[in-house]
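Spelled out from the first residue to the last, the chains are:
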Amino acid sequence: MASLDRFRVVGGARLHGEVGVTGAKNSVLKLMAASLLASGTTTITNVPEIADVEIMSDLLTRLGCTVVHNGSTVTIDVPAQPGHRADYDLVRKMRASINVLGPLVARIGQAEVALPGGDAIGSRGLDFHIKGLETLGAKAHIEHGYVIAEAPHGLVGAAIELDFPSVGATENIMTAAVLATGVTTIDNAAREPDLVDLGEFLISMGANIQGLGTPLITITGVAQLNPTTHATIPDRIITGTWAFAAAMTLGDITIHGARAKDLELPLEKLASAGAIITTTADGIRVRMDSRPQAIDVSTLPYPGFPTDLLPMVIALNSIADGHSLVTENVFESRFMFVNELSRLGAQISVDGHHASIDGVAELSGAPVEATDIRAGAGLILAALVSDGETTIDQAFHVDRGYPNFAEQLCSLGAKVSRE
Ligand code: UD1
């Protein structure tokens, strides 16, 4: 899926002004997949215009749904008998395709979903997803690159304990258990705001779920779910990206629609770097008046520091005053992007899952390449504080997560173009 599109950034601007936050990518894709649980028309609002939403629409269309986009609203008309196969050509483009697994097994008793494989941030297993569905009574195996799961006589509630609070596994188990017979408990469940949003979406469809946002989720199965209308929560990673952009460029950005409560730890860290953060009527304002102080960060499942903001914190530390240690605990290959950042003059050494960073006064523009969505955004932030011009290749990665990023940056005073 390579493309020749690139961002061109001339560094030096202090970002100043107002931006709005769109709906969360990591939530909306899961909501769309979960719409399969009820026949009829489900409406999702606050949908971001990003490439991944198009891919999920294609996948649902192939499963027999009619998907209509109207601005930031998407309606999904789900047939009485949807298809059961998610093909490799779509799954490989977007890992969230795996989220159709739970709904299909629960609703029609069978699913064949291509294995997504690894990606540039590390291997991403499916063992918890499969084991979870098996515990609910499905028969699952892997054949010819597909997960094949069957439960012709329906699923039965059970107690499940996850070895790691995997977001994807919690989602697939929860979206299967809502239609199982009896009670399911998920212990060591993920607590991410996106997962809570999915749970609330399911509740609005008629599901019985307790404990969202805690490590123990209890689901009492119901016989049938109904289509619903639901607004996607604001994107906390985009919010965080703007907050880091303000801090790094000594800027002042008001982020409308941001939910500070979803970002407590990143905002605390930014405050300790010297940022002045205030909540506004409908969001937050982040201002920075002097060079950031280096901050030590370890990524962890929510409410820990999000792995998706790792490139931003490394970019900030690379121009901060002082030395910092950044530890990645979720994905083993996320540091790949450090090689690109080093091309801009960042002083970083990586040892296993630790990055040790010596802040430099200024980075220096150079051609670099985005390796994934968040790495791309982190490189753009670094380019904003680099002397001269930086080009960031493989711009399509950034389009997967940030609607109109270049336009929004320009509206804040940055010199960014797309070519
Ligand atoms: C992850 C992030 C999520 C982020 C999303 C998009 C965490 C905990 N999860 O969710 O915040 O928004 O990427 O970038 O931060 N694993 C297994 N077996 C499984 C499932 C997972 O070994 O069956 C491992 C993965 O290899 C990985 C870790 O668990 O090391 C986290 O996986 P998981 O939370 O499932 O990933 P995503 O759902 O993609």
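Remember, it's a predicted structure, so these values are computed and weren't measured experimentally. (Residues numbered from 1 in each chain as written. Predicted model: local features only at pLDDT ≥ 70, side-chain atom pairs only at ≥ 80, totals over all residues. Heavy atoms only, no water.)

**Structural notes on the nonpolar core**
- Membership of the largest hydrophobic core comes to 76 residues, with the highest contact counts inside it found for Met174 and Leu202.
- Ranked by residues supplied to this core, first place goes to helix 1 (residues 25–34) with six residues.
- Ignoring any residue separated from it by four or fewer positions in sequence, one finds Met174 in contact with Ile186, Leu195, Leu198, Gly199, Leu202, Ile209, Leu212, Ile217 and Ile219.
- Core analysis: the next-biggest nonpolar cluster, separate from the first, contains 71 residues, Ile238, Ile373, Ala377 and Val416 among them. (Core = buried A, V, L, I, M, F, W, Y, C linked by side-chain atoms within 4.5 Å. Buried < 20%, exposed > 50% of the residue type's maximum accessible area, 1.4 Å probe, protein only. Helix = DSSP H or I, 4+ residues; strand = E, 2+ residues; numbered from the N terminus. Contact = heavy atoms within 4.5 Å.)

**Topic: unusual backbone geometry**
- Here the residue pair Tyr302 and Pro303 is connected by a cis peptide bond, since its omega of 5° sits within 30 degrees of zero.
- Considering the arrangement of structural elements, one finds Pro303 in the loop between strand 18 (297–298) and helix 10 (310–318).
- Its identity as a non-glycine residue notwithstanding, Asn46 has a phi of 55°, on the positive side.
- By the secondary structure assignment, Asn46 is in the loop between strand 3 (40–45) and helix 2 (51–62).

**Quick word on the site of the ligand**
- Around the ligand, a shell composed of 17 residues is seen, among which Asp127, Phe128, Ser166, Gly168 and Val330 lie nearest.
- In the environment of the ligand, a nitrogen atom lies 2.6 Å from a nitrogen or oxygen atom belonging to the side chain of Asp127.
- At 2.5 Å from an oxygen atom of the ligand is found a side-chain nitrogen or oxygen belonging to Ser166.
- For the ligand, the protein covers 86% of the area, taking 720 Å² as the surface of the free molecule.
- With three residues, helix 5 (residues 127–135) is the single largest residue contributor to the shell around the ligand.
- The class makeup of the residues in the shell around the ligand is six nonpolar, seven polar and four charged. (Near = heavy atom within 4 Å. Polar contact = N/O pair within 3.5 Å; in protein donor to acceptor, adjacent residues only side chain to side chain. Areas by Shrake-Rupley, 256 points an atom, 1.4 Å probe, with all protein chains shown as cover. Nonpolar A, V, L, I, M, F, W, Y, C, P; charged D, E, K, R; others polar.)

**A word on the sheet that holds strand 26 (residues 415–418)**
- Ordered by their spatial adjacency, four strands build an open sheet running 23-25-1-26, and the pairing between neighbours is mixed. Whereas interior strands pair on both sides, the edge strands pair on one side only; in this sheet they are strand 23 (367–369) and strand 26. Taking the axes of each pair of neighbouring strands and ignoring which way they run, one obtains an average angle of 20° across the sheet.
- Two elements, strand 23 and strand 25 (residues 389–393), share three bridges in a ladder whose sense is parallel. Of the residues in strand 25, the one forming a bridge with Pro367 is Thr391.
- The sheet contacts of helix 12 (residues 373–384) involve strand 1 (6–10), strand 23, strand 25 and strand 26, and relative to strand 25 the element is tilted by about 170°. (Pairing = 2+ DSSP bridges. Axes fitted to C-alpha atoms, helices over the stretch in contact; angles between N-to-C directions.)

**Some details on the packing of helix 1 against helix 2**
- Remark: helix 1 packs on helix 2, axes separated minimally by 10 Å, with the N-to-C direction vectors making an angle of 10°. Looking at the two axes, helix 1 sits roughly parallel to helix 2. For the pair helix 1 and helix 2, the contacting residues are Lys25, Val28, Leu29, Met32 and Ala33 in the first and Asp52, Val53, Met56, Ser57 and Leu60 in the second.
- Class assignment of the residues belonging to the contact of helix 1 with helix 2 gives a composition of seven nonpolar, one polar and two charged. (Parallel < 35°, antiparallel > 145°, perpendicular 65-115°, else oblique.)

**Structural notes on the packing of aromatic side chains**
- Within this structure, the stated rule accounts for two aromatic pairs.
- When the centroid spacing of 4.8 Å and the interplanar angle of 35° are considered together, the rings of Tyr402 and Phe405 count as tilted. Each member of the pair, Tyr402 together with Phe405, is buried.
- Feature note: the residues Trp242, Tyr402 and Phe405 constitute an aromatic cluster, connected by ring pairs.
- Its end group placed over the ring of Tyr146, Arg85 keeps NZ or CZ at 4.1 Å from the ring centre.
- The ring of Phe7 carries the charged tip of Arg418 above its face, separated from the ring centre by 4.8 Å. (Phe/Tyr/Trp six-rings, centres within 6.5 Å; stacked < 30°, edge-to-face > 60°. Lys NZ or Arg CZ within 6 Å of the ring centre and 35° of its normal.)

**Some thoughts on the sheet that holds strand 10 (residues 159–161)**
- The four strands are arranged 10-11-13-12 in an open sheet whose pairing can be described as mixed. Each having just a single partner strand, strand 10 and strand 12 (208–210) make up the two edges of the open sheet. On average, each strand axis in the sheet is tilted by 15° relative to the strand beside it, whichever way the strands run.
- Inspection of the sheet shows strand 10 paired to strand 11 (residues 183–187) by three bridges, in the parallel sense. Within strand 11, the position partnered with Ile160 by the bridge is Ile186.

**A few points about the pattern of salt bridges**
- Inspection of the entire model under this criterion finds 21 salt bridges.
- Taking the shortest distance from any N to any O, the salt bridge between Arg400 and Asp52 comes out at 2.8 Å. With a gap of 348 residues between them, Arg400 in the loop between helix 13 (396–399) and helix 14 (405–411) and Asp52 in helix 2 connect regions that are remote in the sequence. Side by side, Arg400 and Asp52 carry an identical accessibility label, which is buried.
- The partner of Asp89 in a salt bridge is Arg62, and the shortest N-O contact between them spans 2.9 Å. Of the two residues, Asp89 is situated in helix 3 (residues 88–91) and Arg62 in helix 2; the sequence distance between them amounts to 27 residues.
- Assessed through its relative accessible area of 37%, Asp89 is described here as partly exposed.
- With a relative accessible area of 42%, Arg62 lands in the partly exposed category.
- Here the residues in one salt-bridge network are Arg6, Arg8, Glu389, Asp393 and Glu419, joined through shared partners. (Salt bridge = Lys/Arg side-chain N within 4 Å of Asp/Glu carboxyl O.)

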